[in-house]
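Chain residues, written in single-letter form:
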Amino acid sequence: MSVAANIQPLVLAPELPRDRAEADALIMAAFGPGRYAKTAERVRERAHMAAGFVARDGERLVGSVRLWSIEIEGQPALFLGPITVAADDRKAGLGADLVAACVDYAKRCDVAGILLVGDLSYFTRFGFEPAPAVHLEGPADPRRVLWLPVTGPAPTGIARPV
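Reading the values: rules and limits
Residues numbered from 1 in each chain as written. Predicted model: local features only at pLDDT ≥ 70, side-chain atom pairs only at ≥ 80, totals over all residues. Heavy atoms only, no water. Helix = DSSP H or I, 4+ residues; strand = E, 2+ residues; numbered from the N terminus. Rg over C-alpha atoms; globule rule 2.2 N^0.38 Å. Buried < 20%, exposed > 50% of the residue type's maximum accessible area, 1.4 Å probe, protein only. Contact = heavy atoms within 4.5 Å. Areas by Shrake-Rupley, 256 points an atom, 1.4 Å probe, with all protein chains shown as cover. Lys, Arg positive; Asp, Glu negative; His and termini not counted. Charge placed at Lys NZ, Arg CZ, Asp CG, Glu CD. Expected span 1.5 Å × (residues − 1). Arc of directions from axis to C-beta. Salt bridge = Lys/Arg side-chain N within 4 Å of Asp/Glu carboxyl O. Core = buried A, V, L, I, M, F, W, Y, C linked by side-chain atoms within 4.5 Å. Pairing = 2+ DSSP bridges.

Novice: Would you mind going over the overall build of the protein chain with me for this structure?
Specialist: What the protein chain contains, in helices and strands, is four helices and ten strands. Traced from its N-terminal end to its C-terminal end, the protein chain shows the element sequence β-α-α-β-β-β-β-α-β-α-β-β-β-β. Relative to the globule expectation of 15 Å for 162 residues, the C-alpha radius of gyration of the protein chain, 16 Å, shows essentially globular dimensions. With the principal axes as the frame, the protein chain shows a C-alpha extent of 60 × 30 × 30 Å. Of all 162 residues assigned to the protein chain, the portion counted as buried reaches 44%. Taking the contacts inside the protein chain whose residues are at least 6 apart along the sequence as the reference set, 63% of them involve residues at least 24 apart. When the accessible area of the protein chain is evaluated, it comes to approximately 8,500 Å², of which 56% is carbon and sulfur surface. Taking the 18 positively charged and 19 negatively charged side chains of the protein chain as two groups, their mean positions are separated by 3 Å.

What follows is the structure in structure tokens.
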């Protein structure tokens, strides 16, 4: 038997309730308790999780991303994050695969778009653009507030959890 026969491909799938504790542990390992001080975390704490995706390498969960229900001046949207990939799996493009799963999901929903707080240089490849007229309830660097239009351009106003 060759060594290659034992290699299992990464499996990307919707997050199930049984994945939650393992995904939460991966998020904590990546971001630590400091994440609770961020405005984005305040949004996630009060929003309904619309969808989540996980990546597994065999039985080991190696990646996670979640989408949260928000609205901006009455327009339904999704808030993306956090994106987490296990430290030893970060150079394989898995983060991009997780973001792509979120974009595909959003395109099947009746939402204006996806909002996130992140680096423009990373997210432009998916179609995200600056959203200077969208604000969060709390401090956030406006240069890092990004929008991916799905059914409409970036709205103006405050993003609120749903």
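Novice: Sorry if this is basic, but what is going on with helix α2 (residues 39-46) here?
Specialist: An α-helical turn contains 3.6 residues, so any two residues separated by three or four positions project in the same direction. All of the buried residues in α2 are Thr-39, Ala-40, Glu-41, Val-43 and Arg-44. Residues of α2 that are buried in the fold lie against β3 (60-72), β4 (75-80), β8 (134-136) and β10 (157-161).

Novice: Please explain helix α1 (residues 20-31) as it appears in this structure.
Specialist: Compared with an ideal rise of 1.5 Å per residue, which puts twelve residues at 16 Å, α1 spans 16 Å between its outermost C-alpha atoms and is within 8% of the ideal. Turning to α1, its buried residues are Ala-23, Leu-26 and Ile-27. One face of α1 carries all of its buried residues, which in axial projection span an arc of 100 degrees. In this structure, α1 carries Ala-21 and Ala-29 as exposed residues pointing more than 90 degrees from its buried face. Along its buried surface, α1 packs onto β3 and β5 (84-85). One or two positions beyond α1, positive phi appears at Gly-32, with a value near 65 degrees.

Novice: Quick question: what am I supposed to make of the pattern of salt bridges here?
Specialist: Here the idea is simple: oppositely charged side chains can pair when their charged atoms come close. Scanning the model with the defined rule gives twelve salt bridges in all. Notably, a salt bridge pairs Asp-88 with Arg-60, separated by 3.6 Å at the nearest N-O pair. With Asp-88 in the loop between β5 and α3 (94-107) and Arg-60 in strand β3, this residue pair connects regions lying 28 residues apart in the sequence. Given a relative accessible area of 35%, Arg-60 falls into the partly exposed group.

Novice: Quick question: what am I supposed to make of the nonpolar core here?
Specialist: Most often, soluble globular proteins have nonpolar side chains that are buried together. With 30 residues, the main nonpolar core has Phe-53, Leu-67, Leu-78, Leu-80, Ile-114, Phe-123 and Phe-128 as its most contacted residues. Of all the elements in the fold, those that place two or more residues in this core are β2 (49-57), β3, β4, α3, β6 (113-117) and β9 (145-149). No other element matches α3, which puts nine residues into this core. Of all hydrophobic cores here, the second largest spans 16 residues; its members include Ala-40, Val-43, Trp-68 and Ala-159.

Novice: Got a minute to help me understand unusual backbone geometry in this structure?
Specialist: When glycine is set aside, most residues are seen to have a negative phi, and most peptide bonds are trans. Here the amide bond leading from Gly-81 into Pro-82 is cis, since omega sits at -10 degrees, within 30 degrees of zero. One non-glycine residue, Glu-73, adopts positive backbone phi at about 50 degrees.

Novice: What is the right way to look at the pairing of β4 in this model?
Specialist: Both faces of the sheet carry side chains from a regular strand, because those side chains alternate between them. The pairing of β3 with β4 spans six bridges and is classified as antiparallel. Pairing of Glu-71 across the sheet is with Pro-76, part of β4. Counting the residues in the hairpin turn of β3 and β4 gives two residues, including Glu-73, whose phi is positive at 50 degrees. Bridge analysis of β4 against β6 gives two bridges, and the strand direction is parallel. For Phe-79, the partnering residue across the bridge sits in β6 and is Leu-115.

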